[in-house]
Amino acid sequence: MVKLRINGVEQSFDGDPDTPLLWFVRDELGLNGTKYGCGVGLCGACTVHLDGVAVRGCLTTVAEAAGKSVTTIEGLSPDGSHRVQIAWRELNVPQCGFCQSGQIMQAAAMLEANPNPTDQEILEGMQGNVCRCGCYQRIVSAVRHASTGA
Amino acid sequence: MLHHIEKTLSPRPLPSGGTGRTVIENVSRRGFLAGAAGFAVALQVFPADAYVAYKHGGLTMPNGVVDDPHVFVAIAPDGTVTIVAHRSEMGTGSRTSIPMVIADEMEADWGRVKIVQAVGDEKKYGNQDTDGSRSLRHHIQPARDIGAAVRHMLEQAAAAKWNADPDDVEAIGHEVVHKSLGLRAGYGELAEAAMALPTPPRDRLRYKDEKAFRYIGKGAVQIVDLHDITTGKAVYGADVALPGMLFAVVARPPVVGGTVKSVDASAALKVPGVVRVEQIPGTPLGSKFKPLGGVAVLARNTWAALKGRDALKIAWDDGPHAGFDTVAYEKELRASAAAPGNPVRDQGDPEKALAGAARVFVREYYQKHMVHAPMEPPVALANVADGKCEVWGPLQSPYGARLDIADYLGMKEEDVTVHVTLLGGGFGRKSKCDFAIEAAYLSKLAGTPVRVQWTRDDDIRHSYHHTTSVERIEIGLDKDNRPVAWRHRSAAPSFLSTFAPDEGVQHPIEVGMGLEDMPYEIPNVRAEQCKAMAHTRVGWFRSVSNIPRAFAVQSITAELADELGRDQKDFLLEMIGSPRKLDWQAMGLAQPMWNNGEPAEEFPFDTGRLRGVVELAAAKAGWGRQLPKGEGLGIAVHRSFVSYIATAVRVTLGADGTVRVPEVHVAIDCGFVANPERVRSQMQGACVFAMTAAMHGGVNFENGAVQESNFHDYRMVRSDNFPEVVHAHIVPHPFAVHATGVGEPAVPPFLPALTNAIANAGGKRIRDLPIGDQTKA
Ligand code: FES
Ligand code: FES
């Protein structure tokens, strides 16, 4: 039995402890904002926060999260008003939207650790998150906007 | 009251993850304020004869166009307007833009509009096949008709209520007013009486003057799913669940047309959570969207299904395509394109002109099979129970899926319901509903709801691949170096092979994408298609055959300009020649060119507009200026999906050969634009998509099987190296210049603009795609 906190709520899981967090939050908890895009850490669609740090939900097992605190996109802000979410809307970032929870979670964790990233730090910080629709120009602008208001 | 349509249209609430409807509570402040301010302005409407309804390709699509307001609009007593989105949303914004056009024309307040997504039912909604950059092109006019009809009905209802002359009342800003009597009634109050009226005939409709548009053309209305997307609430294919649902993954034959020889599922069945293992029958090439077959593992959760699949021991019979090999096939295509093929265009006497030319300039361009790789891999949920089948999925063609599922299961169309979720990207992959058929078939076998999830590996290995092609062009020059003859041979397996026994011949649609309609003003032109047999499922991919055609035509143009010591842009304009409307008979075609299904009278191929975008992109990019060493500017133009796009790409070439794209200027002439903000986002996205295609796009087959499997070897452009600033320059037009395609046409010109820029930066001339490491050699 693994115990962990998801979005502030105590959860326990008695299934296979090697189950990736991605499938635990989706299949067991119905938290569908975390997306599957590759399953092997190559796209970032599954990005969640583990004790505040961005991790790939497809590579992090439930066992590795035992006793820790996981935040998914649903828990980032109760009403969707995290500054990164606001920036994403103000700059009309999404196209299909599928990659965007992962992008937002990545950006939020990055800004938490480094509130004023340089452009180069933004590009590098976001390079693990693929957007097949090609929203990168706006993603980079939105991270900057969330960081500096510019 | 309301609204039989509310009941019948609105899909029953999704079993989980939301209601399937979007309440737009949080309209863009800018958009709302602009609209509210606009309400003070008197509405100008014009009689029907000021708006000339035009013929467009939507009318000849299967099941045509429906513009009955009763089908698309419902108004609740509280004034909430519900508009049906009948096209699938995959990132272009059409789920927002078409209802926005209806709302504007009917004078509804966008802040009080709700969107519901239609189920697949073309008899009711008309064509729903979201493909071919057609959504606004085919639906902007019907959307105005719908909106104008609702406005008319509301005015009639108010006039009846007040016993007034309908000419004295006016619908404006979500209410109808009688100016001289000082009466007003809200849309909610009038809804029941208004919507009970019959649809007015078109000649009774009056349309808003374009100057009175509140939302159309402004770019201030945000996509309706924006808040849900940024909070993780938006519902995609894998986000719908039913009680008792099993999670399935399928091991498919590595080679298309392969079948299961034997399977040992004992270890798989021991994986905790695995419930059952089922076979899906294999299908040969040419089986349309029938599943490839294979072995499915059904489990209590995705993780168990994946582990179960890993534990399967399957022996495959690889079937007739086991010898397919990319390296060998490239040689085959080159040999095919080197010999005469079947003429599809014969203008003047190209053979004689080539034979008599002072010199002939020949180049050959090659592109590999590619994979759409939408961010959301294929996925669908089905529930077959009590003689009915209900499906949820990210489907570009929900009605097509409904028919194909009914056919595969041996059910009647009426017993199959297909709900459309948001699509996490489509790019043509999700026009093919094999994944939904798999779910339906497995649900029928299992007697429970089943959701089939494709992994990324599945997606890359079992695609409906973009064609691979050799495009060989010969240009005959006279003694003064004037081009007098053009011969283009195209060898590319056709998507026809996915639908019928393969004859190695391209479909008229593929021929129509830059082969038959090459616009240069050269007196003698011949286009031929050369035989190419398919060995994988070939399917359309964003921009389809326009990609290799634009690459070939725009590359050889720049190469010949260099050869002749000419400026590439000037030479391109010279090749396009005089501003004129292309005439199929003068072009030596046997029938009118395909023209993306649009009637030529309404949507002529206008070389003046083609020239216009070249000049615009060149001017914006500062064509002709001196660039630092290691930088290059490239330009290319192509008309596709009836839109004219020129792209100027600036490249920097690192000392190690790394290609970077700091800036792109895209000039787009796509007629009237409903939502310029979404056009800009499509231009930006298309450049990224095209850069991926150019740099990395290409799968390799060995022994019949795709060798790539995930984003490590099927690479994507990422934020560490992408077209950093894409400027979209939209040529402004009034409504009378018909709206044309946006989702696809910016992809094709990017590739040759990029490779021209690389050459101009001092890099290698790229003739074979993908570029990969060629600039590093
Ligand atoms: S799904 Fe986890 S990184 Fe792609
Ligand atoms: S918005 Fe579609 S993948 Fe990023």
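Residues numbered from 1 in each chain as written. Chains lettered and ligands numbered in written order. Predicted model: local features only at pLDDT ≥ 70, side-chain atom pairs only at ≥ 80, totals over all residues. Heavy atoms only, no water.

Take the overall build of chain A next. Per the secondary structure count, chain A includes six helices and five strands. Relative to the globule expectation of 15 Å for 150 residues, the C-alpha radius of gyration of chain A, 15 Å, shows essentially globular dimensions. Principal-axis analysis of the C-alpha atoms places the extent of chain A at approximately 45 × 25 × 25 Å. Accessible surface, chain A: about 5100 Å² in total, of which carbon and sulfur atoms supply 50%. With 11 positive and 15 negative side-chain charges, chain A shows a separation of 7 Å between the mean positions of the two kinds. (Helix = DSSP H or I, 4+ residues; strand = E, 2+ residues; numbered from the N terminus. Rg over C-alpha atoms; globule rule 2.2 N^0.38 Å. Areas by Shrake-Rupley, 256 points an atom, 1.4 Å probe, with all protein chains shown as cover. Lys, Arg positive; Asp, Glu negative; His and termini not counted. Charge placed at Lys NZ, Arg CZ, Asp CG, Glu CD.)

The next subject is the overall build of chain B. A count of helices and strands for chain B gives 21 helices and 30 strands. Taken over the C-alpha trace, chain B has a radius of gyration of 27 Å; the compact-globule value for 777 residues is 28 Å, and the two agree within 12%. Each principal axis of the C-alpha atoms in chain B carries an extent, and together these give about 80 × 70 × 50 Å. Residues classed as buried in chain B amount to 67% of the 777 residues present. Long-range contacts, defined here as pairs at least 24 residues apart, represent 80% of the contacts in chain B between residues at least 6 apart. Carbon and sulfur atoms form 52% of the exposed surface of chain B, whose accessible area is close to 26000 Å². The average position of the 84 basic charges and that of the 91 acidic charges among the side chains of chain B differ by 3 Å. (Buried < 20%, exposed > 50% of the residue type's maximum accessible area, 1.4 Å probe, protein only. Contact = heavy atoms within 4.5 Å.)

Moving on, we come to the domain arrangement of chain A. Residue and element names in this part refer to chain A. For chain A, the assigned domains read domain 1 (2–76) and domain 2 (83–148). With 17 residues of domain 1 at the contact, the number on the domain 2 side is 12 residues. For the pair domain 1 and domain 2, the two sides together bury roughly 1200 Å², of which 61% comes from carbon and sulfur. When the area that domain 1 buries against domain 2 is broken down by residue, the three leading residues are K35, I73 and L76, summing to 34%. Between domain 1 and domain 2 we count zero salt bridges in total. Counting every contact that joins domain 1 to domain 2 gives six residue pairs in polar contact (both at pLDDT 80 or more). Contributing elements (two or more residues each) for the side of domain 1 that touches domain 2: strand 3 (47–50), strand 4 (53–56) and helix 2 (73–76). When residues of the side of domain 1 that touches domain 2 are assigned to their parent elements, the largest contribution, three residues, is made by strand 3. (Domains from an automatic or database assignment. Buried area = accessible area lost by both parts, 1.4 Å probe. Salt bridge = Lys/Arg side-chain N within 4 Å of Asp/Glu carboxyl O. Polar contact = N/O pair within 3.5 Å; in protein donor to acceptor, adjacent residues only side chain to side chain.)

Time to look at helix 20 (residues 676–695) of chain B. Taking 1.5 Å per residue, 20 residues should reach 28 Å; helix 20 of chain B reaches 28 Å between its end C-alpha atoms and fits that length. Most of helix 20 of chain B sits out of view: 19 of its 20 residues are buried. (Expected span 1.5 Å × (residues − 1).)

Each side of the interface is counted separately: chain B has 62 residues, and chain A has 49 residues. For the chain B and chain A pair, buried surface summed over both sides reaches about 4400 Å², with 54% attributable to carbon and sulfur atoms. Viewed at the interface, chain A and chain B are joined by four salt bridges. In this structure, the salt-bridge partner of D16 of chain A is K307 of chain B, at a minimum N-O distance of 2.9 Å.

Our focus in this paragraph is the packing of aromatic side chains. Applying the stated criterion across every chain yields a total of 22 aromatic pairs over all chains. An angle of 85° between the planes, with centres 5.2 Å apart, marks the rings of F98 of chain A and Y236 of chain B as edge-to-face. Of this pair, F98 of chain A sits in the loop between helix 3 (83–90) and helix 4 (100–113) while Y236 of chain B sits in the loop between helix 8 (226–231) and strand 10 (246–251), on two different chains. When the ring of F289 of chain B is compared with that of Y464 of chain B, the centres are 5.9 Å apart and the planes differ by 90°; the resulting orientation is edge-to-face. Taken together, the positions of F289 of chain B in the loop between strand 12 (274–280) and strand 13 (294–299) and Y464 of chain B in the loop between helix 15 (456–461) and strand 21 (469–477) put the pair 175 residues apart, joining distant regions of the chain. In this structure F289 of chain B comes out as buried when scored by relative accessible area, which is 7%. Its relative accessible area of 0% is what places Y464 of chain B among the buried residues. An aromatic cluster is present here, built from F289, Y464, F495, F499 and W540 of chain B joined pairwise through their rings. Positioned above the aromatic ring of F735 of chain B, the side-chain terminus of R144 of chain B is 4.4 Å from the ring centre. The ring of Y464 of chain B has R537 of chain B sitting right over it, with the charged end atom 3.7 Å from the ring centre. (Phe/Tyr/Trp six-rings, centres within 6.5 Å; stacked < 30°, edge-to-face > 60°. Lys NZ or Arg CZ within 6 Å of the ring centre and 35° of its normal.)

This part takes up the domain arrangement of chain B. Residue and element names in this part refer to chain B. Assigned domains of chain B: these are domain 1 (4–230), domain 2 (239–320 + 378–453) and domain 3 (326–370 + 464–769). Relative to domain 3, the C-alpha centre of domain 2 lies at a distance of 37 Å. Across the contact, 16 residues belong to domain 2 and 17 residues belong to domain 3. Around 1300 Å² of area is buried between domain 2 and domain 3 when both sides are counted, 62% of it from carbon and sulfur atoms. The three residues of domain 2 that bury the most area against domain 3 are L285, F427 and K432, which together make up 39% of that side's buried surface. Where domain 2 touches domain 3, the interface holds one salt bridge. As a salt-bridge pair, R537 and D434 come within 3.1 Å of each other at their nearest N and O atoms. Here domain 2 and domain 3 share seven residue pairs in polar contact (both at pLDDT 80 or more) between them.

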